[in-house]
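Summary of the model geometry
Given next are the chains, with one letter for each unit.
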Amino acid sequence: MDEKTVLAPGGGRPFVGKYLIESTLGEGAMGVVYAGLDPDIQRPVAIKTIHAHLMQTPDRTELLERFAREARAAGRVLHPNLVTIFDFLLEDGMPYLVMECVQSVTLKGHCTDAARLSLREIHNLARQMLAGLAAIFTEAGVLLGLA
């Protein structure tokens, strides 16, 4: 892990708000997702944040606003095919999105297995993805006054 990240599991800041940081789940161009724990109810969570170096740029305000919009929009949609948002924190100028931690095989994992997916499995996966997208677009329509 390099200087781009905000937290260092096993060192650095072990908590964000009340949430314990356990490890890194993934990292992309915009940020990092950590595996964490809500100590009050012993629930595993995923904690998403923006890379620290991006928060030092002139685009900082825009990034914070976009991250907060994502939290508000995603937090309003409850659907079995979407990750549930539990909390949004702004701590020491850094935003954190606390969400359901889902243990599952990724679509990429399904596609790279030795066995090919059957047409029925592909249909089932596509139906689930589209159901989640429909829930997102329905909520977007409500927010925009289109529904």
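Residues numbered from 1 in each chain as written. Predicted model: local features only at pLDDT ≥ 70, side-chain atom pairs only at ≥ 80, totals over all residues. Heavy atoms only, no water.

Moving on, we come to the environment of T24. Among the secondary structure elements, T24 is positioned in strand β2 (residues 19-27). With a relative accessible area of 29%, T24 lands in the partly exposed category. C-alpha separation for the pair T24 and A35, spaced 11 residues apart in sequence, amounts to 5.9 Å. (Helix = DSSP H or I, 4+ residues; strand = E, 2+ residues; numbered from the N terminus. Buried < 20%, exposed > 50% of the residue type's maximum accessible area, 1.4 Å probe, protein only.)

Attention now goes to the pattern of salt bridges. Under the counting rule described, the total for this entry stands at four salt bridges. The partner of K18 in a salt bridge is D40, with the nearest N and O atoms 3.0 Å apart. Linking K18 in the loop between β1 (15-16) and β2 with D40 in the loop between β3 (31-38) and β4 (43-50), this pair joins segments that are 22 residues apart in sequence. The exposure class assigned to K18 is partly exposed, which follows from its relative accessible area of 35%. Judged by relative accessible area, which is 60%, D40 ranks as exposed. Among the salt bridges present, the one from E70 reaches K48, with a minimum N-O distance of 2.9 Å. Placement of the pair is E70 in helix α1 (residues 60-76) and K48 in strand β4, with a sequence separation of 22 residues. A residue is classified by how much of its surface remains accessible, and K48, at 26% relative accessible area, is partly exposed. (Salt bridge = Lys/Arg side-chain N within 4 Å of Asp/Glu carboxyl O.)

This paragraph deals with the sheet that holds strand β5 (residues 85-91). Strand-to-strand pairing in sheets goes through backbone hydrogen bonds, with the strands running parallel or antiparallel. The six strands lie next to each other as β1-β2-β3-β4-β6-β5, forming an open sheet whose pairing is antiparallel. Unpaired on one side and paired on the other, β1 and β5 mark the two borders of the sheet. Bridge count for β1 against β2 is two bridges, and the pairing is antiparallel. By the bridge assignment, V16 is partnered in β2 with Y19. (Pairing = 2+ DSSP bridges.)

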